[in-house]
Amino acid sequence: MSRCQAVARPLARQLRQQCSIRPFTSGAARAAEVQQQQQTSSSSSQQPSPLDLDPNSVLPEFEAPLIKAGKMPVGSRRRRVALRTTASIPFEQLPYQAFQEARAILAADRQEKVAKIREQLDKIAALEAKDAAQVKGGEKMKETKLASLRRSVEELKILADINDPLVKKRFEDGLGDMNKPIYRHYAERKWRSYDYRLIAQRIKQFNIVPDVLPKLDPLADVQLFFRQQKIAPGAVVNSLVSENPPRLRVQVFDAGSRLVSLVVLDADVPDAENDAFSKRCHFLAANIPLSPNDTSLPLSRIKADDQLAVPWLPPTSQKGAPYHRLGIFLLQQKPGVELDVAALKQLYAARDGFSLKSFRDKFQLTPVGFNMFRSVWDENTAAVMARHGIPGADVEFRPARVHSLKPPVKPKGWEAKRQGPAYRHLWKYTKRIKGLSNARGWTKRR
Amino acid sequence: MSTSTSRPFSTTPSLLARKLPTPSSSSAKPARRNRAAPKSENFNRIRTLRRNMFSPAPPPLRMARQRYLRHWTIHRAWMLFRRKQHEAIEKERSRMHAGMFNACEELRKTVGPGSRGEGYLYRVAMEKKGIYGLEGVPIEYARFQTDTPAKEAWNHDWKR
């Protein structure tokens, strides 16, 4: 028996006998076991098992052919022998004492939480059955109490599962079921830790508030994909890439299905006559069902008559104009209220001058999601505009020169006073005035 | 003595006759060393602080997936355990405090014993004499305790 087998034997034995009661070691049993071990090792020395072809679990006697084949054995021999027998143990049954004690504590806590949930549910049922007149404070107080009880149940549901390592693992692997509150909780925490802050920063630095909406605090994660490629919030997108409508990945963090409206809005359309900027609607759809579980929302698939109001218009810019901010706004409709898309079509068929604030107020919507990208004039814009019949490709904006209102200032200082021929002997010191001249002569254009 | 090797050319008899310090005189040094540097009472604390303050932070824990998950589980269980312990201690202490408060309130309301008025027992119970030492009088008793400073902070005209 090799050294590593001798070392790994107690571990392997313990794992094999997990369920049976482990007897005290006696000499005879020990000897029998050694024999058994020798048998197994001698039998395995004849033909390599599939485990011996894996560099993670190869036995010492089969190392040589594996190394010859170019696969170096991984880890120590002790580890490899241990891996041969422990690969099939599920994570929660791994025989680590502290881990198992910890699991026992967490399981007891979970039982407590579940009992509390039951208690709260009973309370809710009792309160619902009670007549509002009998509750102190009447109907209003009853509603308040019910709401607070339901909120506490939701919190307890999260707290019951938050210490489960398998839940954490499943979430990290992206296998979490978003219909369950714990996974939504994890997802929201992750979103708030970075992506939400990024979006909030874009809203601030691009002045979405107050240029487009007076107030905007996103509650849902909206990611933007053009051609299967994720676009960072606020990135400048080539006009050829943004010619086709994007795909959104929308993750909402509260339970249930709801209807949303989707608006893509260009907030920087140059208006040369008025020397100002106006807004233009690039896409408008309503009555889009959304739930925590279905996250993909391709704009090209929204075609239904009761959903699509204004089809996709490729965002374009004009030469010399500053970048256009293209905001993607997700507005939640009131529960159970469907918008009349025919009316929307009539209202917003002329895309120009679209006001998101008035749209929000008119249909009682709440903005829940936001993302944005930018568009500038580039080498493909003219072709895109020609393809879609958008006028203005031949226009070039130039910045108007703004002259200073201050009167010209005469040069000041010791050097300026000694420029004249009376100071010819000082010219070698006086011909270097900032903004006027340097060693090679006059630089100021007159 | 011919042990003086540092000045081989010196022929002065007085120099040659000079004695080197004997080993018996040098043996006094370790004794002095032992006497030196009296340790302060905080010596151990200061040594620990010195060690920990200026040493670099320990490296972050590097663990593989499953190991990290086990570590996380144990950490969560430990935090839960600590919280429950704290809550239990807190509860017990507030229970004891409430008990004392109720007892004092009861004392404050009682009349007597004998011809004593209401709250006599409470006042006696609130005495602090002797709790800072056998004959000690707490510093609070040096001056009558008030909620606000006196209107006249110091009487300058006072004469004995």
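Residues numbered from 1 in each chain as written. Chains lettered and ligands numbered in written order. Predicted model: local features only at pLDDT ≥ 70, side-chain atom pairs only at ≥ 80, totals over all residues.

## Quick look at the sheet that holds strand β4 (residues 258–271) of chain A
Residues and elements named next belong to chain A.
And step 1. Taken in spatial order, the 5 strands make up an open sheet running β7-β5-β4-β8-β9, and their pairing is antiparallel. If you trace the sheet from one side to the other, it starts and ends with β7 (308–310) and β9 (366–375), each paired once. Between one strand and the next, the sheet's axes are offset by a mean angle of 15 degrees, whatever the strand orientation.
And step 2. On top of the sheet, helix α12 (residues 356–363) reaches β4, β8 (324–332) and β9; it is set at about 155 degrees to β4, its chief contact. (Pairing = 2+ DSSP bridges. Helix = DSSP H or I, 4+ residues; strand = E, 2+ residues; numbered from the N terminus. Axes fitted to C-alpha atoms, helices over the stretch in contact; angles between N-to-C directions. Contact = placed C-beta atoms within 7 Å.)

## Points about the interface of chain B and chain A
And step 1. Listed by partner, the interface residues are 10 residues for chain B and 13 residues for chain A.
And step 2. Class assignment of the residues belonging to the side of chain B that touches chain A gives a composition of 6 nonpolar, 2 polar and 2 charged. (Nonpolar A, V, L, I, M, F, W, Y, C, P; charged D, E, K, R; others polar.)

## Details of the nonpolar core
And step 1. With 49 residues, the main nonpolar core has Val263, Leu265, Phe283 and Leu330 of chain A as its most contacted residues.
And step 2. Ignoring anything within four residues of it in the chain, the contact list for Val263 of chain A reads Cys281, Phe283, Leu284, Phe329, Leu331, Leu356 and Phe359 of chain A.
And step 3. Among the nonpolar cores identified, the runner-up in size contains 5 residues, and Phe99 and Leu106 of chain A together with Ile74 and Ala77 of chain B belong to it. (Core = buried A, V, L, I, M, F, W, Y, C linked by C-beta atoms within 7 Å. Buried ≥ 20, exposed ≤ 12 C-beta atoms within 10 Å, placed from the backbone.)

## Observations regarding the domain arrangement of chain A
And step 1. In terms of domains, chain A is made up of domain 1 (52–88), domain 2 (97–173), domain 3 (194–388) and domain 4 (408–445).
And step 2. A straight line from the C-alpha centre of domain 1 of chain A to that of domain 3 of chain A covers 56 Å. (Domains from an automatic or database assignment.)

## Here we look at the sheet that holds strand β3 (residues 247–251) of chain A
Residue and element names in this part refer to chain A.
And step 1. Pairing in this open sheet of 4 strands is antiparallel, and the strands run β2-β1-β3-β6 from one edge to the other. Both outer strands of the open sheet, β2 (229–231) and β6 (296–298), are each paired with one neighbouring strand and no more. In this sheet, neighbouring strand axes are inclined to one another by 35 degrees on average, regardless of whether the strands run parallel or antiparallel.
And step 2. For β3 and β6, the ladder comprises 3 bridges, and the chain directions are antiparallel. Within the sheet, the bridge partner assigned to Leu248 lies in β6 and is Leu297.

## Overview of the confidence of the model for chain A
And step 1. Here chain A averages 88 in pLDDT, while 89% of its residues score no lower than 70.
And step 2. Confidence drops under pLDDT 50 across residues 17–35 of chain A; counting only partners more than four residues distant or on other chains, this segment forms 2 contacts. (pLDDT = per-residue confidence, 0-100.)

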